[in-house]
Amino acid sequence: MSAATQERPTEEAVLPRPAWGRHLIVLAVLTVLLIPLPLILPPATQAVAVRVLIFAIMAVGWNIMSGFGGMFSFGHAAYFGLGAYTSVWLLVNHGVSPWIGMLAGMVVAALFGVMVGFLALRYRLKGAYFALSTFAFAEMLRLLAINSDFVNRAVGYNVPLRREFSWVFMQFAPGAPEYFWVGLGLTVVAIAVSILFLGSKLGRFTIAVRDDEEAAAAVGVPVMRTKILTIALSAAITSVAGAFYTQYYFFIDPDGAFGPTVSIQAILPAVIGGVGTIWGPAIGALVLGPLNDITATLLRNPPPALDFLQGRAGLDVIAYALLLILIVLLLPQGVYGAIRERVRRR
Amino acid sequence: MSQAEAAEVESPAPEARGARRRPPWTLAAVAAGLVVLAIVLAYVRSGNTEVVSQAVVTGILVGGVYGLVAMGLTLIFGVLDIVNFAHGAFLTVALYITVVMVNRFGIYPMLALVVAVPVMFLLGAAVQRFVLAGAIGKPLENQLLITLGLALLIDNLLLLFFGPNPQSVKLPGDTAVPILGAVTTVSRLLAFGVALVLAALLYVLLRRTRLGTAIRAVAANDSGAQLVGIDTRRIYMTTFAIGTACAGAAGVLVAPLVTIEPTTGELFNIIAFVVVVLGGMGNVIGALVGGLLIGLTEQLGALLLPGQSPLLSIFIVFVLVLLFRPQGLFGKTS
């Protein structure tokens, strides 16, 4: 991805005046428009909307490290899982509110990110080796979780049901609009953080290091510290998705937290929407989130031509996979990147 | 391949020639020492010679197959510079070819090689020509994502057509065989033996034929190879096809040993990555040796870390190799 963005640096990197003020205004307007959404949507689609938000948070996190930072992570499941497990462990064993658990998860995930990043960068892993090392760390966490009594082995955790619904414990009536609002709030904060990150000194350093590490180092950018802080920020954001996921689905197990599928789910929205762009991850999540339900409906009542597919599993992932391959081959800058290109050329 | 061969195909720089002349004896000794240490520790830990010799025999036999899978993967990496996440999925396709051949047509499992290897060769060629060729010269991540997409696609197409129920293949006359104080089975011995023969064939192909020379030339320097008249696009396609055929052959060999599900290949993919990094990306002989080492790691690790998944010890070795010797045991220091 880095080479593609090198040819055409992101607007934030080259514009003399930072464009982040405009992005924040767009974000604020979108938020206001989206708040009444759960009151309008039928309850069945609300689950889809929440899934979109979870995808978006994961991908916004991944995009900071791998899109803006140019360090391809194939192991964001580690951070998602640490967020999920830290919050649920504190909740189940100590009755700590998931909000505090979420903050704790962010700290744990960021620390783990710092460790992984430090090891990988200290030993100068690049490209494929770097991606494989992130993958290995996520898998090690999964295997450790499966085999340790400390976190209930392969069984994982169920979130205890409460008598009354409460904001403090992030638990509401099934299908309540509050879930959407919590998810929306978290997503908006995540996107706002990524906008502010790009406008900040750290963000500018990160882009500089991604585009030309040696040149950045030559003008005095602290390369190692920049990279590690970027990884920590990315990890913390993705961990929030894990904590919220657990509260929303009431359940987490090692495969659902640390499995390779989770890492893929953090990558896909960003790639589909546009890697290294502010809005790409959210747009990609909007494409990916509903795919599951569309294919599920298709399989329940297949059109005559696809009759043989009735009751079979796998079509949703096939759709993801085809979309992924086609996007990478035909629109390497993603949906948002391609649209932006079109607009700019005009 | 790429690193070591570079010194041979081009006229080598002086220090590269020096590195080439000095065989990695120290490293081989260290690796052998670590294996011996692991065996001793496993013995201390379990206090039972039979268990340890069983682990060593099983580890080596399984390791041969890992080596074959990894040879295909490392060849693709060395020549095409692609981190191929679809390798395990190709292996799964071969598993299902074997299932259909054996359970539907009653053919002897090993004979499925005759069908699976050519089919996988053609499939690999088609995938490279029609999907991956579009991403040549693009950033590494693009190719990684495409192969990831292919892996998901293949796994789930298999799920769609064969369903999630585990299947198995029985080798007729699969009896227990005592060997070196341990017990193994005919199917394991056969898988190991055939894997070694195929690995040797691949080695001869790369070393002694015009095609092999061309492949090594492209691995060393693709623009140089193009200048001397090698059709690099054809070599890319052929190499990917050969690598995929290796995965296919390995799939047939392990069919009697594993539970066959649409996701069975994932495990082999992960292990093959570890083996490839351990042996040095692009190094075919390194992949074979690495396969044996990882086979041993898996089995001895289960003894050393009881109660943990055998994969954990593999990942620990993986991370250590990545951090301390990312060029692999047989790679040149960069």
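Rules of the game
Residues numbered from 1 in each chain as written. Chains lettered and ligands numbered in written order. Predicted model: local features only at pLDDT ≥ 70, side-chain atom pairs only at ≥ 80, totals over all residues. Helix = DSSP H or I, 4+ residues; strand = E, 2+ residues; numbered from the N terminus. Rg over C-alpha atoms; globule rule 2.2 N^0.38 Å. Buried ≥ 20, exposed ≤ 12 C-beta atoms within 10 Å, placed from the backbone. Contact = placed C-beta atoms within 7 Å. Nonpolar A, V, L, I, M, F, W, Y, C, P; charged D, E, K, R; others polar. Expected span 1.5 Å × (residues − 1). pLDDT = per-residue confidence, 0-100. Pairing = 2+ DSSP bridges. Axes fitted to C-alpha atoms, helices over the stretch in contact; angles between N-to-C directions. Parallel < 35°, antiparallel > 145°, perpendicular 65-115°, else oblique. Left-handed = near helix turned anticlockwise from the far one by under 90°.

Trainee: Describe in detail the overall build of chain A, supporting the description with residues and values.
Mentor: Scanning chain A from N- to C-terminus turns up 17 helices and two strands. In terms of C-alpha radius of gyration, chain A reaches 20 Å, essentially the compact-globule figure of 20 Å for 346 residues. Expressed as lengths along the three principal axes of its C-alpha atoms, the size of chain A is roughly 60 × 50 × 40 Å. Considering chain A as a whole, with its 346 residues, one finds that 52% of them fall into the buried category. Of the contacts made within chain A by residues no fewer than 6 positions apart, 76% connect residues no fewer than 24 positions apart.

Trainee: How would you sum up the interface of chain A and chain B? Please name residues and give values.
Mentor: In this assembly, 37 residues from chain A lie in contact with 35 residues from chain B. Of all elements in the fold, only α1 (2-7), α8 (127-146), α14 (260-273) and α16 (315-330) of chain A reach the threshold of two or more residues within the side of chain A that touches chain B. Counting residues per element, the side of chain A that touches chain B draws most heavily on α8(A), at eleven residues. By residue class, the composition of the side of chain A that touches chain B is 30 nonpolar, five polar and two charged.

Trainee: Let's hear about unusual backbone geometry: which residues, and what values?
Mentor: Residues and elements named next belong to chain A. Of note in the backbone geometry, Met170 takes a positive phi value of approximately 50° without being a glycine. Along the chain, Met170 turns up in the loop between β1 (157-158) and α9 (177-199). Judged by local crowding, Met170 falls into the buried class, with 23 C-beta atoms found within 10 Å. At Phe250, a position not held by glycine, the phi torsion is positive, near 65°. If you trace the backbone, Phe250 turns up in the loop between α12 (223-249) and β2 (251-252).

Trainee: How would you sum up helix α13 (residues 284-304) of chain B? Please name residues and give values.
Mentor: Over its 21 residues, α13(B) runs 29 Å from end to end, which matches the ideal 30 Å to within 8%, given 1.5 Å per residue. In terms of burial, α13(B) is a largely internal element, 19 of the 21 residues being buried.

Trainee: With reference to specific residues and values, describe the confidence of the model for chain A.
Mentor: For chain A, the mean per-residue pLDDT works out to 87, and 92% of the residues sit at or above 70. The low-confidence segment residues 1-7 of chain A, where pLDDT is below 50, has 16 contacts with residues more than four positions distant or belonging to other chains.

Trainee: Please set out the pairing of strand β2 (residues 182-185) of chain B residue by residue, giving values where relevant.
Mentor: The pairing of strand β1 (residues 176-179) of chain B with β2(B) spans four bridges and is antiparallel. By the bridge assignment for β2(B), B:Ala176 is matched with B:Thr185.

Trainee: Got a sec to walk through the packing of helix α3 (residues 25-46) of chain B against α13(B)? Specific residues and values, please.
Mentor: All names here are of chain B. Relative to each other, α3 and α13 sit at 25°, their axes nearing to 9 Å. Classified by the interaxial angle, the pair formed by α3 and α13 is roughly parallel. As for the relative orientation of α3 and α13, their crossing is left-handed in sense. On α13, the residues touching Ala31, Val35, Ala38, Ile39, Leu41, Ala42, Arg45 and Ser46 of α3 are Leu293, Leu296, Leu300, Leu303 and Leu304.

Trainee: For the packing of helix α5 (residues 87-105) of chain B against helix α11 (residues 232-254) of chain B, give the residues involved together with the corresponding values.
Mentor: All names here are of chain B. Where α5 meets α11, the axes come as close as 7 Å, and the angle between the chain directions of the two elements is 45°. Taken together, the axes of α5 and α11 lie oblique to each other. In the crossing of α5 with α11, the sense of the turn from one axis to the other is right-handed. The segment α5 lies against α11, with His87, Phe90, Leu91, Thr92, Ala94, Leu95 and Thr98 engaging Thr244, Ala247, Gly248, Ala250, Gly251 and Val252. Split by residue class, the contact of α5 with α11 holds seven nonpolar, six polar and no charged.

Trainee: Explain helix α8 (residues 186-208) of chain B to me, using residue names and the numbers behind them.
Mentor: In an α-helix, one turn spans 3.6 residues, which is why side chains three or four residues apart end up on the same side. Residues and elements named next belong to chain B. For α8, which comprises 23 residues, the first-to-last C-alpha distance of 32 Å matches the rise-based estimate of 33 Å (1.5 Å per residue) to within 8%. What α8 keeps buried is the set Ser187, Arg188, Ala191, Phe192, Ala195, Leu198, Ala199, Leu202 and Leu206. Looking at the buried residues of α8, the elements they touch are α4 (49-80), β2, α9 (210-220), α11 and α13.

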